[in-house]
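Coordinate analysis (summary)
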Amino acid sequence: MTAGDNCAVSLRRPIEDDQPPIAGMVDEWFSGRRVRHLVARAWFRHFASTSWIADDPRGKPAGFLIGYRSPDHPGEAVIVLVGVHPNCRRRGIGRALVEAFLTDVHKAGVATVTALAWPGEPLAVAFFRAVAFRPDDGPGTQNLYGTPGIPDYDGIGEDRIVFVHRRRTGDGPGGPGDGPGVPERPSVP
Ligand SMILES: CC(C)(COP(=O)(O)OP(=O)(O)OC[C@H]1O[C@@H](n2cnc3c(N)ncnc32)[C@H](O)[C@@H]1OP(=O)(O)O)[C@@H](O)C(=O)NCCC(=O)NCCS
């Protein structure tokens, strides 16, 4: 990244005031998919310690990741949403957000991280594969637009790919995970 680069970001924790601008932009960032309702204020109030904002040099959000450690399954964590401003893509911001999240949760003893993606979103599929998540291909999955996914996962017509990252013994934060093949389906994110 060069000096004066509007995509030279710094990572920080979210605050509640981040919710309105991010909610206002997120549908556009997701190519018109309506995800605004997933970016609720509660995430910014109650899950800031496991979520991240990537600020551009003007202090405007260029990316975000909302995630949490499962209260009921402490060995698992969930990436709810990750998004990067369309003008700042392929600069490593998404990867940096995921690696920051993995560092957090690995320190807390988490071994398994999941993230959902919509089938037929090649960009999201390529991204999660690149950051060492693998699609759950176990029972109940079908080939959905070329990737194993679960029909009606989140309700009728709401098919999802369940991406899984497993920490291997000896992996550093953001390590390579377990590679292809997911031995066991984690609980529902
Ligand atoms: C997915 C998303 C977060 C990636 O953010 P990003 O900052 O562009 O990602 P990175 O630059 O860190 O890319 C990391 C790797 O992912 C892969 N990748 C990312 N975008 C890709 C694309 N458009 N095509 C193919 N591979 C891609 C590449 O392997 C890339 O590494 P490389 O650039 O060294 O080849 C961003 O494109 C986005 O916000 N998309 C819309 C929202 C979304 O789909 N979120 C995921 C589901 S919650």
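Residues numbered from 1 in each chain as written. Predicted model: local features only at pLDDT ≥ 70, side-chain atom pairs only at ≥ 80, totals over all residues.

**Considering the overall build of the protein**
A count of helices and strands for the protein gives 4 helices and 9 strands. Tracing the protein from N to C terminus, the helices and strands come up as β-α-α-β-β-β-α-β-α-β-β-β-β. Counting only residues that meet the buried cut, the protein has 37% of its 189 residues in that class. (Helix = DSSP H or I, 4+ residues; strand = E, 2+ residues; numbered from the N terminus. Buried ≥ 20, exposed ≤ 12 C-beta atoms within 10 Å, placed from the backbone.)

**Brief notes about the site of the ligand**
Contacts to the ligand come from 20 residues, most closely from Arg89, Gly94, Arg95, Ala126 and Ala130. For the shell around the ligand, the elements supplying multiple residues, two or more each, are strand 4 (76-84), helix 3 (93-107) and helix 4 (122-130). Top contributing element to the shell around the ligand by residue count: helix 4, with 5 residues. (Near = placed C-beta within 6 Å.)

**Overview of the confidence of the model for the protein**
Looking at the protein, the pLDDT average stands at 90 and 87% of residues meet or exceed 70. Here residues 173-189 is modelled with pLDDT under 50, and outside its nearest four sequence neighbours on either side it reaches 39 contacts, counting other chains as well. (pLDDT = per-residue confidence, 0-100. Contact = placed C-beta atoms within 7 Å.)

**Quick look at helix 3**
Counted at 1.5 Å a residue, the expected span for helix 3 with its 15 residues is 21 Å, and the 21 Å between its end C-alpha atoms agrees. Buried residues belonging to helix 3 abut strand 1 (10-12), strand 2 (52-55), strand 3 (61-69), strand 4, strand 5 (112-117) and helix 4. Among the residues trailing helix 3, glycine 109 stands out with phi positive, at a value near 95°. (Expected span 1.5 Å × (residues − 1).)

**Thoughts on helix 4**
Those residues of helix 4 lying buried are Ala124, Val125, Phe127 and Phe128. Projected down its long axis, helix 4 shows its buried positions confined to an angular sector of 165°, all on one face. Turned more than 90 degrees off the buried face of helix 4, the exposed positions are Pro122, Leu123, Ala126 and Ala130. Residues of helix 4 that are buried in the fold lie against helix 3, strand 5, strand 8 (147-149) and strand 9 (161-166). Just past helix 4, the residue alanine 132 takes up positive phi, approximately 70°. (Arc of directions from axis to C-beta.)

**Remarks on the sheet that holds strand 4**
Taking strand neighbours across the sheet as the criterion, the 7 strands line up as 1-2-3-4-5-9-6 in an open arrangement whose pairing is mixed. Looking along the sheet, the strands with just one partner apiece sit at the ends: strand 1 and strand 6 (134-135). (Pairing = 2+ DSSP bridges.)

**Quick word on the environment of leucine 97**
Mapping leucine 97 onto the fold places it in helix 3. Sequence separation of leucine 97 and isoleucine 66 is 31 residues, and the distance between their C-alpha atoms is 9.5 Å. Among residues more than four places away in sequence, those in contact with leucine 97 are Trp52, Ala54, Gly63, Leu65 and Val82.

**Points about the pairing of strand 2**
Here strand 1 runs beside strand 2; their pairing, made up of 3 bridges, is antiparallel. Each bridged residue has a counterpart across the sheet, and for arginine 12 the counterpart in strand 2 is isoleucine 53. Pairing between strand 2 and strand 3: 4 bridges, direction antiparallel. Within strand 3, the residue paired with alanine 54 across the bridge is glycine 63.

**Description of the environment of phenylalanine 163**
Considering the arrangement of structural elements, one finds phenylalanine 163 in strand 9. Measuring from C-alpha to C-alpha, the distance between phenylalanine 163 and leucine 116 comes to 6.0 Å, with 47 residues separating the pair along the chain. Ignoring anything within four residues of it in the chain, the contact list for phenylalanine 163 reads Thr114, Ala115, Ala117, Phe128, Phe133, Arg134 and Pro135.

**Here we look at unusual backbone geometry**
Working note: non-glycine residues mostly have negative phi, and peptide bonds are mostly trans. Notably, tyrosine 145 is not glycine yet its phi reads approximately 55°, a positive angle. In this fold, tyrosine 145 is placed in the loop between strand 7 (142-144) and strand 8. Even without glycine at this site, aspartate 152 takes up a positive phi of about 60°.

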